[in-house]
Each structure stands twice: as C-alpha cells, then as structure tokens.
Amino acid sequence: MRVVSPSGAGSIRATRARTVSRLASGGTAEGIGRLRHMSTDAATQKWICESCGLIYDPAEGDPDGDVPPGTPFEDIPEDWYCPVCGARKQDFVPYEE
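We now turn to the structure provided with this report. Here the residue numbers are simple positions, counted from 1 along each chain's written sequence. Whole-chain, interface and lining totals are the exception, using all residues; otherwise, since this is a predicted model, local features are given only for residues with pLDDT of at least 70 and side-chain atom pairs are given and counted only at 80 or more. Heavy atoms from the whole structure form the basis of all side-chain values; hydrogens and water molecules are not counted.

With respect to the overall build of the protein
Using the following cut-off: Numbering goes from the N terminus for both helices and strands, where a helix is a DSSP run of H or I of at least four residues and a strand is a run of E of at least two. Exposed residues in this analysis have more than 50% of their type's maximum accessible area, buried residues have under 20%, and partly exposed residues fall in between, with area computed by a 1.4 Å probe over protein chains only. Computed with a 1.4 Å probe, the accessible areas rest on the Shrake-Rupley method; for each residue, only the protein chains presented here act as cover.
Across its full length, the protein holds two helices and three strands. Secondary structure elements of the protein, listed N to C terminal, follow the sequence α-α-β-β-β. Looking at the protein residue by residue over its 97 residues, the buried ones come to 26%. Of the roughly 6500 Å² that the protein leaves accessible, carbon and sulfur atoms contribute 55%.

Quick notes on unusual backbone geometry
Positive phi outside glycine occurs at aspartate 66, with the angle close to 60°. Inspection of the secondary structure puts aspartate 66 in the loop between β2 (55–56) and β3 (92–95). Looking at aspartate 66, the relative accessible area reads 70%, which means it is exposed.

A short note on the nonpolar core
To keep things clear, this is the line we draw: For our purposes a nonpolar core is just a set of buried Ala, Val, Leu, Ile, Met, Phe, Trp, Tyr and Cys residues, chained together by side-chain atoms within 4.5 Å. Should any heavy atoms of two residues lie within 4.5 Å, those residues are considered in contact.
Core analysis: the largest hydrophobic core is formed by ten residues, namely Trp47, Cys49, Tyr56, Val67, Phe73, Ile76, Trp80, Cys82, Ala87 and Phe92. Apart from residues lying up to four places away in sequence, tryptophan 47 is in contact with Leu54, Ile55, Tyr56, Phe73, Glu74, Phe92, Val93, Pro94 and Tyr95.

Quick look at the packing of aromatic side chains
Our working rule: Stacked, tilted and edge-to-face are the three classes assigned to paired rings of Phe, Tyr and Trp, where Trp is represented by its six-membered ring and a pair needs centres within 6.5 Å; plane angles under 30 degrees give stacked, over 60 edge-to-face, the rest tilted. Whether a charge sits over a ring comes down to the Lys NZ or Arg CZ being within 6 Å of the ring centre and within 35 degrees of the ring normal.
One pass over the structure, following the stated rule, counts six aromatic pairs. On the numbers, 5.9 Å between centres and 70° between planes, the contact of tyrosine 56 with tryptophan 80 is edge-to-face. Of this pair, tyrosine 56 sits in strand β2 while tryptophan 80 sits in the loop between β2 and β3, and the two are 24 residues apart along the sequence. You can call tyrosine 56 buried: its relative accessible area is 3%. Relative accessible area serves as the criterion here: at 7%, tryptophan 80 is assigned to the buried category. Ring geometry for phenylalanine 73 against tryptophan 80: centres 6.1 Å apart, planes inclined by 90°, an arrangement best described as edge-to-face. With respect to class, phenylalanine 73 is no different from tryptophan 80; both count as buried. Following the ring pairs from residue to residue traces out a cluster consisting of Trp47, Tyr56, Phe73, Trp80 and Phe92. Sitting over the ring of phenylalanine 73, lysine 89 keeps its end group 5.2 Å from the ring centre.

Structure below.
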C-alpha cells in the first residue's frame, strides 16, 4: 500500500531515497534489516518501475519495445522507456521477490 503524506515524505520514492542514501554512506543491507540481497546474476535480475510498479523480467523482455526475451536490463538501450507509464530506464530499480 502506498501512503503519501501532504509533504510527500511518506511516498515510496522518498522511502527508497532514504534507504539508498544509508547504503551509500557505508551502511549494509543486513544493518537495515528489511532489505534482501539482490540477484547477482544480471541475466535473471528483475527491475521495477518506481513510477507505476511494472516489473521488467529479462526472461520475458519487452516484445512491444523491441527487447527480446533473455535480454538483461543492463543491455536494454538507454532510450527505452516503461511500456505502461513512459518512465525512463533510469526510473527502474532492482526488484527482489
């Protein structure tokens, strides 16, 4: 469930930004507690759109966007965009089930 306060501080994007900044400042995923290790295999790592929640699965690719099945996210062209909401590739973050 997404809860947004009037200031936007409770949004998913704001929460992720705080989590990333803690990791970037030397924290560890284990120290935060609720984060899990992401897949180390780029060929199977799924990515989620921060704007709409679409999950890019390399096994499926994006046939409508000319991305064939089996394409790791890193190999998608930089000008690719989310087929649901139009967000940029940079608006996706690694997803762990």
